[in-house]
Amino acid sequence: MSALTFTLKSKPAQRVDMSPLVCQHLSGLSIAEISALTLQSGKLKLRVDELFTLTGSDTQDIVINNSADNLDFIGQDLDGGSITVNGDAGAYLAFGLKSGEIKVSGNAGLYAACEMKKGYLEIAGNAGDFLGAALPGNKMGMKGGTILVKGNVGERAGDHMRRGNILIEGNAGDYCGSRMTAGTIAVMGQTGRYLGYAMRRGTLLLWNQPKLSASFNDCGAHTLAFLPILFGSFKTLNSRFADASIAFNRVQRYAGDMSEMGRGEVLVKL
Amino acid sequence: MLIKLTGGIVYDPASGIDGQQQDIYIRDGRIIAKPADAVVDKEYDLKGKVVMSGAIDMHTHIGGGKGNIARTLLPEDHRQDPVYRSDITRSGCGHAMPSTFVTGYRYAEMGYTAGFEPAVLPNNARQAHMEMGDIPILDKGGYVMLGSDDYLLRMLTAKKDQKAINDYVAWTMTGAKAIGVKVVNPGGINAFKFNQRKLDLDEQNSHYGVTPREILRVLATAVKEIGVAHPLHVHGCNLGVPGNVQTTLDTIQGIGGLPMHLTHIQFHSYGTEGDFKFSSGAAQIAEAINRNKNITIDVGQILFGQTVTASGDNMRQHANHKHASPNKWVTMDIECDAGCGVVPFKYKDQNFVNALQWAIGLETFLLVNDPWRIFLTTDHPNGAPFTSYPHLIRLLMDRSFRNDMLATIHPEAQKMTTLASIEREYTLQEIAIMTRAGAAKLIGLKDRGGLSAGNWADITVYTDNADRQKMFEKPDYVFKDGQLVVVDGKVVSTKWGTTHVVKPEFDASVEKGLKDYFDRYLTMKLGNFKISDDEITEDGRGSISVHPLQGDVA
């Protein structure tokens, strides 16, 4: 069986809610039935085959070709299976992802992996603001799984994050790890201002010295035995994080945010 | 156009009619006597149906800034209850603090035709009226909040005479377009700003040296002397504090026979007995209510589930913030007027305190004898959203259902309540008194809450059903000012209700002192404080209905 492939005919004028097109909703449906599903686009409800050309039949292996940055909610609540996006993804990519794998070849918009529960998300390009965050007003962001971003991420990455890993090969914007309750964010590039703003617990792992707020305390240099184990867990990733030469175990440790409970840590490579 | 409602079983306590078959005629929005020879344009056959006037919620938080704070604080509550638009209704969202439009639709769909906002801050009165102006179908009105405002406390410290205070109260009511006066934690909201974290009935505000007892006396006197029908609406001291039953009894005694309405009394009826040092004071409270004819109450029943508490009582809301669920909350100061606290709450039947609160509310309903002096509220949204009223009515009217529910709550709470032994079941007439005739009388509405000729045609028609929850959830018809707005529990047309106010007289010289005060301390100028009739009526939606003062010749 070949992958069920949706090829976007042309970029729609209005944003499209793609949440119906996830593996568990499509299993058992024929191509004709899938073509007849409707997607909300602005004020209109459009048939799937008005927007996409459909080929293939494996509903557990979905490919979206020619994707555009106004296709929102791709892979919402995905519970098993895989979705491959060739091109850009809109906002709320992998929103509430439960299990399975989502890979995007281009960039992702706002709130990628918002309130993700488990599974794996890979973005080859850049991600927008609020990567792995909570919906506005909610108290719990990403709760598990792994996000890999090969490019840069916007502001507030990991806002209200509770568990899981966010791995960023590029730079992170301002307020990276804000209001984190737990979990790990690793940034190979530069970080912005207000790193770890109001973080309670959790780990920010950095390759470059950040500009820290006064509410983070320097705890000195440490050799941490858990770091090689953590890097070991990245071995299978298609990423620079899998490269043994980037690993380290000697860090400068900062604790904060002292204006919150202060049990978070920023570990900077020495 | 002449509408005839034929053959319904009418419950109209205002006219002493208790379940008699009667025809009702409606013309030009009002109920009229049987016309001699006119042709009926539209007839509804209501044989076997129960007919009551439209229900009136005399204490429901539907306007004012705290609603918007609650909405902002709880986006998840809205996400779980989206309401889509239809050809005649607008979109919005529901649950604990619904959007204005959904508030109107959902009230109407339960047979309610009026709701009164009990906490209109004078400074925020314009916003409260604009917000209520966005609520379709319902009539509305507000009780203006006094008692923790610096101006009144200054007057009391300066020993100003009662006449000066009467003028200030009357001026504020007129300027804020109110129909009553509310006091919340008298002086306590102000004391909070001077770092006091509790204030008993006879404890002095550390800055002004004034006690809650004095504030209540002077405001209750003012309300009576300027002739406002609705007695002083009191949210007492020590809300939610175990042992506050004594405070409440002292408050009743301390008012010295003046008319006083004690609101959400369930939250003020707690003793300190038992292993958990928390017990029911409902029996003592009910006995005091039965004895003191000057006192009226509404219950503020809690019902289990997620809701949000929104109150001007920032002192008590601050104390309760550790119970916030989900864990987020707001308390704030509002200029020199008062404060505000919003704390989300999840009442759980397996939590001893919540379970006993539930039982205390029901005990109060069942032990107070006179349905004309007790009103059915959940203090929406503080005890539960108003949409739970049909469930509450069933608890009151159906003893076996009540006992079934009682058997499911926290076992220790079951042991601490006498609820199982109370046999009373409310009758339809008593429900009609509590939610219609009594409420209209208490607020002083001259032509609402009754079905006799001359009243506005706010009418609700139910199908009698032994399951009272089902019956009250889904009225067959609801008429608002003679217009059919609901059929089978769904809105079929919408209109705009009126705003009920009183306009007590005052000596114009009262503004002299106030102008200096506004200029020096407030963000608004005195001239802007006063809401004109035009602001409510100019868009063609709203209207103002002025009700008579006591002593007026109607």
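Residues numbered from 1 in each chain as written. Chains lettered and ligands numbered in written order. Predicted model: local features only at pLDDT ≥ 70, side-chain atom pairs only at ≥ 80, totals over all residues.

Novice: Looking at this structure, how should I read the overall build of chain B?
Specialist: Along its length, chain B carries 20 helices and 26 strands. Against the 2.2 N^0.38 benchmark of 24 Å for 554 residues, chain B shows a C-alpha radius of gyration of 22 Å, consistent with a compact globule. On the principal axes, the C-alpha backbone points of chain B span a range of 70 × 60 × 45 Å. Counting all 554 residues of chain B, 55% fall into the buried class. Across chain B, contacts joining residues at least 24 apart in sequence account for 76% of those joining residues at least 6 apart. (Helix = DSSP H or I, 4+ residues; strand = E, 2+ residues; numbered from the N terminus. Rg over C-alpha atoms; globule rule 2.2 N^0.38 Å. Buried ≥ 20, exposed ≤ 12 C-beta atoms within 10 Å, placed from the backbone. Contact = placed C-beta atoms within 7 Å.)

Novice: Is there a simple way to explain the overall build of chain A in this structure?
Specialist: If you tally the helices and strands in chain A, you get four helices and 17 strands. Across its three principal directions, the C-alpha atoms of chain A cover 65 × 35 × 25 Å. Evaluated residue by residue, chain A yields a buried proportion of 44% over its 270 residues. The contacts of chain A with a sequence gap of at least 6 include a subset with a gap of at least 24, amounting to 40%.

Novice: Would you explain the pairing of strand β18 (residues 330-334) of chain B in this entry?
Specialist: All names here are of chain B. Pairing of β18 with strand β19 (residues 338-347), which is carried by five bridges, proceeds in the antiparallel orientation. Paired with Val330 across the bridge in β19 is Val342. Counting the residues in the hairpin turn of β18 and β19 gives three residues, including Glu335, whose phi is positive at 40 degrees. (Pairing = 2+ DSSP bridges.)

Novice: Whenever I open this one, the environment of Thr211(B) confuses me. Can you help?
Specialist: All names here are of chain B. Among the structural elements, Thr211 can be located in the loop between α7 (188-193) and α8 (212-225). In the structure, Thr211 is positioned 58 residues away from Ser269 in sequence and 21 Å away in space, judged by C-alpha atoms. Residues in contact with Thr211, not counting those within four places in the same chain, are Leu201, Asp202, Glu203 and Gln204.

Novice: Whenever I open this one, the pairing of strand β10 (residues 120-123) of chain A confuses me. Can you help?
Specialist: In summary, the side chains of a regular strand alternate between the two faces of the sheet. All names here are of chain A. The pairing of strand β9 (residues 99-104) with β10 spans four bridges and is parallel. Residue Glu101 lies in a different strand from β10, and its bridge partner there is Tyr120. Relative to strand β11 (residues 146-149), β10 runs parallel, the two sharing four bridges. Paired with Leu121 across the two strands is Ile147, which belongs to β11.

Novice: What is the right way to read helix α6 (residues 162-176) of chain B from this model?
Specialist: Note on helix geometry: an α-helix contains 3.6 residues per turn, so any two residues three or four positions apart are oriented the same way. Residues and elements named next belong to chain B. A rise of 1.5 Å per residue sets the reference length of α6, with its 15 residues, at 21 Å; its end C-alpha atoms lie 21 Å apart and thus fit the reference within 8%. All buried positions along α6 are accounted for by Ile165, Asn166, Asp167, Tyr168, Val169, Ala170, Trp171, Thr172, Met173 and Ala176. The positive-phi residue at the C-terminal boundary of α6 is Lys177, with phi of around 55 degrees. (Expected span 1.5 Å × (residues − 1).)

Novice: Before we go on, may I ask you to explain the packing of helix α9 (residues 244-254) of chain B against helix α10 (residues 282-291) of chain B in this structure?
Specialist: Packed helix pairs are specified by the crossing angle of their axes together with the interaxial distance, meaning the distance between the axes. All names here are of chain B. The N-to-C vectors of α9 and α10 enclose an angle of 5 degrees; their axes lie 10 Å apart at closest approach. One element, α9, and the other, α10, form an angle in the roughly parallel class. Contacts between α9 and α10 involve Val245, Thr248, Leu249 and Ile252 from the former and Gln284, Ile285 and Ala288 from the latter. When the residues that make up the contact of α9 with α10 are grouped by side-chain class, the tally is five nonpolar, two polar and no charged. (Axes fitted to C-alpha atoms, helices over the stretch in contact; angles between N-to-C directions. Parallel < 35°, antiparallel > 145°, perpendicular 65-115°, else oblique. Nonpolar A, V, L, I, M, F, W, Y, C, P; charged D, E, K, R; others polar.)

Novice: It is not clear to me how the environment of Ala124(A) should be interpreted in this structure. Could you clarify?
Specialist: Secondary-structure assignment places Ala124(A) in the loop between β10 and β11. In sequence terms Ala124(A) and Gly151(A) are 27 residues apart; their C-alpha atoms lie 6.4 Å from each other.

Novice: Can you help me understand α10(B) in this one?
Specialist: Residues and elements named next belong to chain B. Taken together, the buried positions of α10 are Ala282, Ile285, Ala286, Ala288 and Ile289. The buried side chains of α10 occupy one side of the element, clustering within an arc of 160 degrees when seen end-on. Its buried side turned inward, α10 meets α9, β15 (279-280), β16 (295-298) and α12 (352-367). (Arc of directions from axis to C-beta.)

Novice: I'm lost on the nonpolar core in this one. Help?
Specialist: In a soluble, globular protein the nonpolar side chains are often hidden away together inside. Core analysis: the largest hydrophobic core is formed by 161 residues, its most contacted members being Val51(B), Val120(B), Val144(B), Val169(B), Val181(B) and Leu219(B). The residues contacting Val144(B), other than those within four sequence positions of it, are Val120(B), Pro122(B), Ala125(B), Thr172(B), Met173(B), Ala176(B), Ala178(B), Val181(B) and Lys182(B). Counting 72 residues, the second largest nonpolar core, distinct from the first, contains Tyr92(A), Phe95(A), Ile185(A) and Met199(A). (Core = buried A, V, L, I, M, F, W, Y, C linked by C-beta atoms within 7 Å.)

Novice: How should I be thinking about the sheet that holds strand β17 (residues 305-311) of chain B in this particular structure?
Specialist: By way of backbone hydrogen bonds, the strands of a sheet pair with one another, either parallel or antiparallel. All names here are of chain B. Strand order in the open sheet formed by three strands is β17-β19-β18, with antiparallel pairing between adjacent strands. In this open sheet, the two edge strands, each paired with only one partner strand, are β17 and β18. The average angle at which neighbouring strand axes cross in this sheet is 15 degrees, direction not considered.

Novice: I keep staring at the domain arrangement of chain A and nothing clicks. Help me out?
Specialist: Residue and element names in this part refer to chain A. Per the domain assignment, the segments making up chain A are domain 1 (1-59) and domain 2 (73-269). Computed from C-alpha coordinates alone, the two centres of domain 1 and domain 2 are separated by 30 Å. The interface is formed by seven residues belonging to domain 1 together with 11 residues belonging to domain 2. For the side of domain 1 that touches domain 2, the residue count by class is three nonpolar, two polar and two charged. (Domains from an automatic or database assignment.)

Novice: Sorry if this is basic, but what is going on with unusual backbone geometry here?
Specialist: Going from Gly256(A) to Asp257(A), the amide bond is cis rather than trans, its omega being -5 degrees. Looking at the element boundaries, Asp257(A) is found in the loop between β16 (250-256) and β17 (264-269). The omega torsion across His380(B) and Pro381(B) is 0 degrees, close enough to zero to call that bond cis. Mapped onto the fold, Pro381(B) is located in the loop between β20 (374-375) and α13 (389-397). Positioned with a positive phi, Arg156(A) is a non-glycine residue whose angle comes to about 65 degrees. Relative to the helices and strands, Arg156(A) is located in the loop between β11 and β12 (165-168). Residue Arg156(A) is classed as buried on the basis of its C-beta count, with 26 C-beta atoms lying within 10 Å. Phi at Asn185(B) is positive, roughly 40 degrees, even though this residue is not glycine. Structurally, Asn185(B) is set in the loop between β11 (180-184) and α7.

Novice: Would you take a moment to explain the confidence of the model for chain B for this structure?
Specialist: Low-confidence regions, as indicated by low pLDDT, have predicted coordinates that should not be scrutinised in detail. When pLDDT is averaged across chain B, the result is 95; 99% of the residues are at 70 or more. Among the prediction metrics, the complex's ipTM stands at 0.76, with pTM recorded as 0.90. (pLDDT = per-residue confidence, 0-100.)

Novice: Would you mind showing me how to read the packing of α6(B) against α8(B) here?
Specialist: Residue and element names in this part refer to chain B. Put simply, α6 and α8 touch, their axes get as near as 9 Å, and they point 70 degrees apart. As the angle between them shows, α6 and α8 are arranged roughly perpendicular. Residues Gln162, Ile165, Asn166 and Val169 of α6 lie in contact with α8, whose contacting residues are Val218, Leu219, Thr221, Ala222, Val223 and Glu225.

Novice: What is the right way to read the environment of Ile431(B) from this model?
Specialist: All names here are of chain B. With respect to the helices and strands, the residue Ile431 is situated in helix α16 (residues 428-443). The buried category is assigned to Ile431, around which 21 C-beta atoms lie within 10 Å. For the pair Ile431 and Pro13, spaced 418 residues apart in sequence, the C-alpha separation works out to 9.8 Å. Contact partners of Ile431, with chain neighbours within four places excluded, come to Ile393, Met397 and Tyr426.

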